Amino acid sequence: MLAAVAAVSLAQSKATFDRVEGRRVTALAEEMAGNPLVRTQLVRPAVAEMLAPLLQSTLTRSGVTSATVADARGEIVASTNPTLLGTRLPVSGIDAAGGRGWSGELPVNGVTELVAQAPVLGAESENAGDHLGTVMIGRASPSVWQRLVGASSYLLVYLGVASVLGVAGSWLLARRIKRQTFGMEPREIAGLAEHREAMLFGIAEGVVALDPQQRLTLVNAVGRSLLDLPENCVGMSLADLGIEGRLYDVLAGTGPEDGPGDLARRDEVVVRRGRVLVMNRMDVTKDGRRLGSVTTLRDRTELAQLERELGSFRSTTELLRAQAHEFSNQLHTISGLIQIGEHDEVVRYVRALRKHRESLDLELTSRVRDRAVAALLMAKSALAAERKVRLKISERTALERLDPTDSADVATVLGNLVDNAVDAAASGAKEGDDAWVEVELRQDASSVEIVVRDSGPGVAPELAQEVFLHGFTTKAAQGGDRGIGLALTRLVCKRRGGEVSVANTQAGAMFTARMSVGRPADRVTEGVR
């Protein structure tokens, strides 16, 4: 502000000098050009000697810097500066030729002067009105320092007022900036920005921040990769990015299960373009004002793949545990019959158990020839029996041996669907009801179809797609992480060019999954032979 005031003062001083001194030198030049001595002596010899006293008198009387007279050709014939005699009169683009006057700044003998040029017109009868020459009066322009000295009387007042206003404005501005930056100094703000960059872009999890209008304000490289967002996504809204459905509900917190008091939703499962994502959303508020939300993302696709690869081992463990529990109950029954002396009943009981086991084994091995899938069904049958649910194999079931990779994917989908159906049948069964789950496996040359029916309460129509898109289960439509099985089922089917769907029947729900597989293992062996 001080510099601006000083600059304005200097500009004002120059404008005042040009206005006042310009008028004065113009009046002096016109006065000298109209002097009879100049008008009569300019065309005669020895002009310098005749006009020198007049020029010197004008210089002394008016305090100007220079007084110069030139003839009609523009050659200086008289001047208060003898070194200029015989030289050309300095002119601008518009000079005094043709009877016109002019004023402005011109360099005179290396010094910039404010000059006024006036034409000298003839006064005698033979040259009346003719342009005889030019009179130029100059006043040296003051330097910057001279202008400052000349303006010191009022410049100090201006600078004092500017200092007060500048200090007050600086204090108010600093106070506002301090309030907006929470009292941090610039170096602290720079350090905070560096730490923020290091923290956001140095972690393995994705981070997405939204403002209250659902616009992206921040996203790190991992988050952009997991959500498949463009480079310039910051500043764009979720709608502009084409985010909708389950992913939109989790990021924006607008799902039907959100309540007004839900500030955080933990471990929400979302399937996004072949990835199983676990998302954790938190609303950000300050002083009762909502600033937006921050969501972290973790990629569980590899973990889901690992679960699929370990499915066969887990099925074997579950089978052994369930059979141990079943055998323990049977041994207790046999022990009780022996203690009460019912030996014939013991024999009949053992024969019934053996017949039931042989029929189950025969049914499975005759219809399901893939050992991994058959072992999985044996394990699920024992686990279902523990929960008082009867697992039965459809008469239309027919599955040949599969390639190990195909077998693992079929076992993953089948196991998840059976688990979901057993949960639904067990939770929906009343005392004395027959809870059951039926499995049907059909195979053609290039695909396998899995149909799982249950006696549960079914799936609400509005949740028919949600159970897969959201990763929910039919048992708990609000349990985020519990729905990883159905999300993984849909993911495996889509990777193999298939799909999974759910429909309601008179008895309960029916899940149908279809996926493409390679040639059966028996045919591969025959081809090699």
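Just above sits the structure.
Notes on the structure follow.

Our next topic: the overall build of the chain. Helix and strand counts for the chain come out as 16 helices and 15 strands. Within the chain, buried positions represent 40% of all 529 residues. When contacts within the chain are restricted to residue pairs at least 6 apart in sequence, long-range pairs at least 24 apart make up 55% of them. On the chain, roughly 28800 Å² of surface is accessible, and the fraction owed to carbon and sulfur atoms is 56%.

Its identity as a non-glycine residue notwithstanding, A46 has a phi of 55 degrees, on the positive side. Looking at where A46 falls in the secondary structure, it is placed in the loop between α2 (36-41) and α3 (47-62). Residue N109 is not a glycine yet carries a positive backbone phi of 55 degrees. Its location among the elements puts N109 in the loop between β3 (102-108) and β4 (111-121). Given a relative accessible area of 52%, N109 falls into the exposed group.

Moving on, we get to the sheet that holds strand β5 (residues 131-140). Taking strand neighbours across the sheet as the criterion, the five strands line up as β2-β1-β5-β4-β3 in an open arrangement whose pairing is antiparallel. Strand pairing shows two members of the sheet lacking a second neighbour, β2 (76-79) and β3, which therefore form its edges. Averaged over neighbouring strand pairs, the angle between their axes works out to 30 degrees when direction is ignored. In the packing of helix α1 (residues 2-33) onto the sheet, the strands contacted are β3, β4 and β5, and the crossing angle to β4 comes to about 30 degrees. Sitting on the sheet, α3 is in contact with β1 (66-71) and β2, with an inclination near 45 degrees to β2.

Bringing a nonpolar patch on the surface into the picture now. Among the surface-exposed residues, M1, V157, Y158, V161 and L165 lie close enough to one another that they form a single nonpolar patch of about 500 Å² accessible area. Assignment of secondary structure puts M1 in the segment before α1. Under the relative-accessibility criterion, M1 is labelled exposed at 54%.

Once that is clear, we can look at the side chain of S62. Of note, S62 is situated in helix α3. Take S62: its relative accessible area is 14%, and that puts it in the buried class.

It is worth spelling out helix α8 (residues 245-252) at this point. For α8, the buried fraction is high: six of the eight residues fall into the buried class. Among the residues making up α8, those that are buried are R246, L247, D249, V250, L251 and A252. Where α8 terminates, the next one or two residues include G253, which has phi positive at roughly 70 degrees.

Further remarks concern the sheet that holds strand β13 (residues 447-454). Ordered in space as β11-β12-β13-β15-β14, the five strands form an open sheet in which the pairing is mixed. Strand pairing shows two members of the sheet lacking a second neighbour, β11 (390-393) and β14 (499-504), which therefore form its edges. The sheet shows a mean angle of 15 degrees between the axes of neighbouring strands, direction not considered. Sheet topology note: the strand β12 (residues 436-443)/β13 ladder contains seven bridges and is antiparallel. Residue pairing for β13: V437 is matched across the bridge by D454. On the sheet, helix α12 (residues 371-386) packs against β11 and β12 and is oriented at approximately 150 degrees with respect to β11.

Our focus in this paragraph is the pattern of salt bridges. In the structure shown here, the tally under the stated rule is 26 salt bridges. Close ionic contact of R442 with E440 constitutes a salt bridge, the shortest N to O distance being 1.9 Å. Residue E440 pairs with R453 through a salt bridge whose shortest N-O separation is 3.2 Å. Of this pair, E440 sits in strand β12 while R453 sits in strand β13, placing them 13 residues apart in sequence. For the residue pair E440 and R453, the accessibility class agrees, reading buried in each case. Salt bridges here are not isolated pairs; linked through shared partners, they connect R396, E438, E440, R442, D444, E449, R453 and R514.

It is worth spelling out the nonpolar core at this point. The biggest cluster of nonpolar side chains holds 48 residues, and the ones touching the most others in it are L377, L414, L441 and I450. Sequence-distant contacts of L414, that is, excluding residues within four places in its chain, are made with V373, L376, L377, V439, L441, I450 and V452. Counting 21 residues, the second largest nonpolar core, distinct from the first, contains V47, L55, V135 and I137.

The rules behind each value
- Along every chain, residues carry numbers that run from 1 in the direction the sequence is written.
- Whole-chain, interface and lining totals are the exception, using all residues; otherwise, since this is a predicted model, local features are given only for residues with pLDDT of at least 70 and side-chain atom pairs are given and counted only at 80 or more.
- For the side-chain quantities, the full set of heavy atoms in the structure was used; hydrogens and water were omitted.
- Secondary structure elements follow DSSP: runs of H or I no shorter than four residues count as helices, runs of E no shorter than two count as strands, and numbering proceeds from the N terminus.
- Exposure categories follow from relative accessible area, calculated using a 1.4 Å probe and restricted to protein chains: below 20% of the type maximum is buried, above 50% is exposed, and the middle band is partly exposed.
- Any two residues whose heavy atoms approach within 4.5 Å are treated as being in contact.
- Method for areas: the Shrake-Rupley scheme with a 1.4 Å probe, in which residue coverage is limited to the protein chains shown.
- Two strands qualify as a pair provided DSSP detects at least 2 bridges between them.
- Every axis in this analysis is a line fitted to C-alpha atoms, fitted for helices over the stretch in contact. Angles between the N-to-C directions lie between 0 and 180 degrees.
- Patch membership is restricted to residues that have no salt bridge and whose relative accessible area is over 30%. Joining uses 9 Å for like charges and 5 Å for the nonpolar side chains Val, Leu, Ile, Met, Phe, Trp and Tyr.
- By definition, a salt bridge exists where a carboxyl oxygen of Asp or Glu is found within 4 Å of a side-chain nitrogen of Lys or Arg.
- Only buried Ala, Val, Leu, Ile, Met, Phe, Trp, Tyr and Cys residues count toward a nonpolar core, and they belong to the same one when joined by side-chain atoms within 4.5 Å.

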